[in-house]
Amino acid sequence: QVQLVESGGGLVQPGGSLRLSCAASGSIFSSYTMAWYRQTPEKQRELVAFITTYGSTNYKDSVKGRFTISRDNAKNTMTLQMNSLKPEDTAVHYCRSSNSRGEYWGQGTQVAVSS
């Protein structure tokens, strides 16, 4: 069993930055691929970025060059540094962990980009 808790969301102006964190507990964090997803009422939940157990990363095209995903296995945390934010980045952002045994989700944190 894995418990995930997101933090760091909020309201920011276009062009601003936010740093999301996901704190994990309950299992061996380093054995999980970690990812950030986001969802709005109008769209299905979509993958934003993920980082593998080896540290390889992948990003949704629209966030490449603006967002950076990272993990600290010693602290059981994953972060998403979001720069140059745009109104279309507004969404509830969710943390997900997964491996061959299953997947777990956090409760989500709201990101709102507006002037």
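Position labels on residues start from 1 in each chain and follow its written sequence. Two thresholds apply to this predicted model, a pLDDT of at least 70 for residue-level local features and 80 or more for giving and counting side-chain atom pairs, whereas whole-chain, interface and lining totals are computed over all residues. Based on all heavy atoms of the structure, the side-chain values leave hydrogens and waters out of the count.

K.L.:
I keep staring at unusual backbone geometry and nothing clicks. Help me out?
P.N.:
The phi angle of most residues is negative, glycine excepted, and most peptide bonds adopt the trans form. Here Asn-76, not a glycine, exhibits a phi torsion of approximately 55°, which is positive. By definition, any uninterrupted DSSP run of H or I lasting at least four residues is a helix, any uninterrupted run of E lasting at least two residues is a strand, and each is numbered from the N terminus. Secondary-structure assignment places Asn-76 in the loop between strand E7 (67-72) and strand E8 (77-82). Classification of residues uses two cut-offs on accessible area relative to the type maximum, computed with a 1.4 Å probe and protein chains only: under 20% is buried, over 50% is exposed, and between them is partly exposed. Given a relative accessible area of 24%, Asn-76 falls into the partly exposed group.

K.L.:
Where do I start with the state of the cysteines in this structure?
P.N.:
Any pair of cysteine sulfurs within 2.5 Å is marked as a disulfide. One pass over the structure, following the stated rule, counts 1 disulfide. The side chain of Cys-22 participates in a disulfide bridge whose partner is Cys-95; the two sulfur atoms lie 1.9 Å from each other. Looking along the S-S bond of the Cys-22-Cys-95 disulfide, the torsion reads about -70°, which is the left-handed sense. One end of the pair, Cys-22, is in strand E3 (residues 18-25); the other, Cys-95, is in strand E9 (residues 91-99), and 73 residues separate them in sequence. Of the two residues examined, Cys-22 and Cys-95, each falls in the buried class.

K.L.:
Looking at this structure, how should I read the packing of aromatic side chains?
P.N.:
What characterises a pair of aromatic rings is the spacing of the ring centres plus the angle enclosed by the ring planes. Pairing of aromatic side chains requires ring centres within 6.5 Å, counting the rings of Phe and Tyr and the six-membered ring of Trp. Pairs whose planes differ by under 30 degrees are stacked, by over 60 edge-to-face, and all others tilted. In total, this model carries 3 aromatic pairs according to the counting rule given. Both rings, one in Tyr-32 and one in Tyr-104, keep their centres 6.3 Å apart while their planes meet at 70°; by these two values the pair is edge-to-face. You can see Tyr-32 sitting in the loop between E3 and strand E4 (33-39) and its partner Tyr-104 sitting in strand E10 (residues 102-105), a full 72 residues away along the chain. For Tyr-32, a relative accessible area of 4% translates into the label buried. With centroids separated by 4.9 Å and ring planes inclined at 65°, the aromatic side chains of Tyr-37 and Trp-105 adopt a geometry described as edge-to-face.

K.L.:
What is the right way to look at the pairing of strand E5 (residues 46-51) in this model?
P.N.:
Two faces, one strand: in a regular strand the side chains alternate between the faces of the sheet. By the convention used here, strands pair only if DSSP detects at least 2 bridges between them. Inspection of the sheet shows E4 paired to E5 by 5 bridges, in the antiparallel sense. Within the sheet, the bridge partner assigned to Trp-36 lies in E5 and is Ala-49. Hairpin geometry of E4 and E5 is characterised by an intervening segment of 6 residues between the two adjacent antiparallel strands. Counted between consecutive antiparallel strands, the loop separating E5 from strand E6 (residues 57-59) contains 5 residues, among which Gly-55 sits at a positive phi close to 95°.

K.L.:
Before we go on, may I ask you to explain the sheet that holds E7 in this structure?
P.N.:
Across a sheet, strands are paired by hydrogen bonds formed along the backbone, either parallel or antiparallel in direction. Reading across from one edge, E1-E3-E8-E7 is the order of the 4 strands in this open sheet, with antiparallel pairing throughout. Whereas interior strands pair on both sides, the edge strands pair on one side only; in this sheet they are strand E1 (3-7) and E7. Averaged over all pairs of adjacent strands, the angle between their axes in this sheet comes to 15°, without regard to strand direction. Of the strand pairs in this sheet, E7 and E8 are connected by 6 bridges, and their pairing is antiparallel. Note that in E8 the partner of Asp-72 across the bridge is Thr-77. Angular values range over 0 to 180 degrees, each being the angle between N-to-C directions of two axes fitted as lines to C-alpha atoms, with helices fitted over their stretch in contact.

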